[in-house]
Amino acid sequence: MVKMKKNIIWILLDGVRNYKTPNDPEKMGKPDVVDELANDSVEFLQAVTSAPSTVMSVSSFMTSIPSYYLSRNLEDMRLDKSNFESIGNILENEGYNIYNVNVSYDLRRDYWKTFLRPVDKKYWPKECKVMEHWSNDPLNKIIFKMLNEDGIKSPFMLYVHYNFRRDLKCNDRVQELIQRIKKENLYDNSIIIMHSDHGMPDVERRDYFKWLDERELYFNRHDLIMTDDNICVPLVIKYPGCEAGKKIDITVGLIDLVPTILNLLDIEYGPEKKYGKSFRGENLLPLIDGQDIELFNKRKIRTDTRYIAQTDRMISIRGTGHKYIYYRDVPGEDNEQFIDLIEDPLETKNLINTSDQGYIDLINEYKKEYIRQEEDSI
C-alpha cells in the first residue's frame, strides 16, 4: 500500500514573544491563536531562534543550519540550491507543491525564492505590487482564492508569513485561516507548524536596554537584543497522532524543525543520505515521545545578531536554565554575560565574574560549546 503524503501548513507569526504581556501596547506578546492551536498540538516552551532578525532566522530554520554559518554578510546572502539544502527544495524533489504567501517586502521574497517559491501572481489582489512591502490584509485573500479555484494541489507545503507588528487584527486573521483549514478538511490530517521568527524586546527588560545604551549600541533595535523576550519564540507542532496539549519545557531550536518534519514524512536524511548532509538540527520526535531526555537537556542553542564578517556581532549560547552571551564588538573586558535563567528570569544579574565554583564550571562548559560551534562553522 502506498503511504499518503501529508500536507504541511507552516504559519509564521513575525515578531511575537513566547509569553503573554497584558500591558504591552503593541500587542507583541504570545497571541491567543497559539494557545488555541496548542490545545491540539505539542508545544515547546523554550524554543530558541537562530537570529533576532527575520532574514537570518527564516533562512536558518528552513535549512536547519545556524544563521551564522550561512553567509559572510547580508549582501552576500544567496541560498542557491548548490550550496544549501532547504525543506522547500527537498519537498519539491519528493513531489510536493510549494506555496509561499509572504507579507514581506520584495527583497526578502527575492532572498528566499530558491526555497520558498512565491505563489502565482494571478492569485494576487490588485493592491499587491512586485516591488512593494505587503500588509497582512491580502494574505488570506490569496490563500482563500487559491482554495476556491483549486490552486493548491496536494501534496503541498503552504508557508504563510504574517507580521504582527502594527496590526492589532493579526490574531483574528490567523484564526480565520485556521477556521478555513478546518472547513477544507485539512486540519486533522496535515502537519501544522506555528511559531515566530524572533520575539520582541519587552519593557520589563529596561535594565538590559540601559546596558546596551551605555555602550553606544542601538538599544532599541530588536536585532541587537539577546534577552529571552527576543530570542525565545512560541512554537507548536501538530501532526496526526500527536499527544494533544503536551508541553515540553526543554530548550530546542528552530533549526530542529526541518529534521522533525522529514521524520514525520518518513523522508530519510543524514550525512550518508540523499538529503541532510549539512543539517545541524535534531529530530524532536524522540523528545516528544519522552526519549533521550538527558541528551536534549544538555543541548545548547546558538543565536547570532550578525553574519561572520559583519560588525555588532553578539552571540548567545542558551541551554535549559542558563545562557552565555559574548559581545564580540564591545571594547574592553565587559563583553561577556552569564545568566541563571531559573533564579533570574528577567536577566538582571551578570554572573560572569562569580566566585561560585558551580557557576564557574557551568560558564566553562558554555564557553567550550561556543568554541566548538565556532570551529564547526569554519
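This is a predicted model, so every value here is computed, not measured.

Regarding the overall build of the chain
Scanning the chain for helices and strands turns up 12 helices and 11 strands. Burial statistics for the chain: of 378 residues in total, 60% are counted as buried. When contacts within the chain are restricted to residue pairs at least 6 apart in sequence, those whose partners lie at least 24 apart make up 68%. Accessible area for the chain stands at about 17100 Å²; split by element, carbon and sulfur atoms hold 48% of it.

So, the pairing of strand 4 (residues 156-163)
Most of strand 4 sits out of view: 8 of its 8 residues are buried. The side-chain alternation of strand 4 yields two buried faces, one formed by Phe156, Leu158, Val160 and Tyr162 and the other by Met157, Tyr159, His161 and Asn163. Judged from the 7 bridges that link them, strand 1 (residues 8-14) and strand 4 form a sheet pairing that is parallel. Within strand 4, the residue paired with Asp14 across the bridge is Asn163. By the bridge criterion, 6 bridges tie strand 3 (residues 97-102) to strand 4 in an arrangement that is parallel. Residue pairing in the sheet places Asn97 in a bridge with Phe156 of strand 4.

Thoughts on unusual backbone geometry
The bulk of non-glycine residues show a negative phi, and the bulk of peptide bonds are trans. Between Ser154 and Pro155 the backbone carries a cis peptide bond, its omega angle lying at -5°. Relative to the assigned elements, Pro155 resides in the loop between helix 5 (137-148) and strand 4. The backbone of Arg166 shows a phi angle near 60°, a positive value even though the residue is not glycine. Turning to its location among the elements, Arg166 is positioned in the loop between strand 4 and helix 6 (170-183).

Thoughts on the nonpolar core
Core analysis: the biggest nonpolar cluster contains 43 residues, and Ile8, Trp10, Phe44, Met62, Ile87, Leu91 and Leu235 have the highest contact counts within it. Of the residues forming this core, the biggest block, 5 residues, is contributed by helix 9 (residues 257-264). If we skip the residues at most four places from it in the chain, Ile8 touches Leu91, Tyr96, Phe156, Met157, Leu158, Ile191, Ile193, Ile261 and Leu265. Counting 39 residues, the second largest nonpolar core, distinct from the first, contains Leu13, Met146, Val174 and Met200.

Cut-offs and rules
Residues numbered from 1 in each chain as written. Predicted model: local features only at pLDDT ≥ 70, side-chain atom pairs only at ≥ 80, totals over all residues. Heavy atoms only, no water. Helix = DSSP H or I, 4+ residues; strand = E, 2+ residues; numbered from the N terminus. Buried < 20%, exposed > 50% of the residue type's maximum accessible area, 1.4 Å probe, protein only. Contact = heavy atoms within 4.5 Å. Areas by Shrake-Rupley, 256 points an atom, 1.4 Å probe, with all protein chains shown as cover. Pairing = 2+ DSSP bridges. Core = buried A, V, L, I, M, F, W, Y, C linked by side-chain atoms within 4.5 Å.

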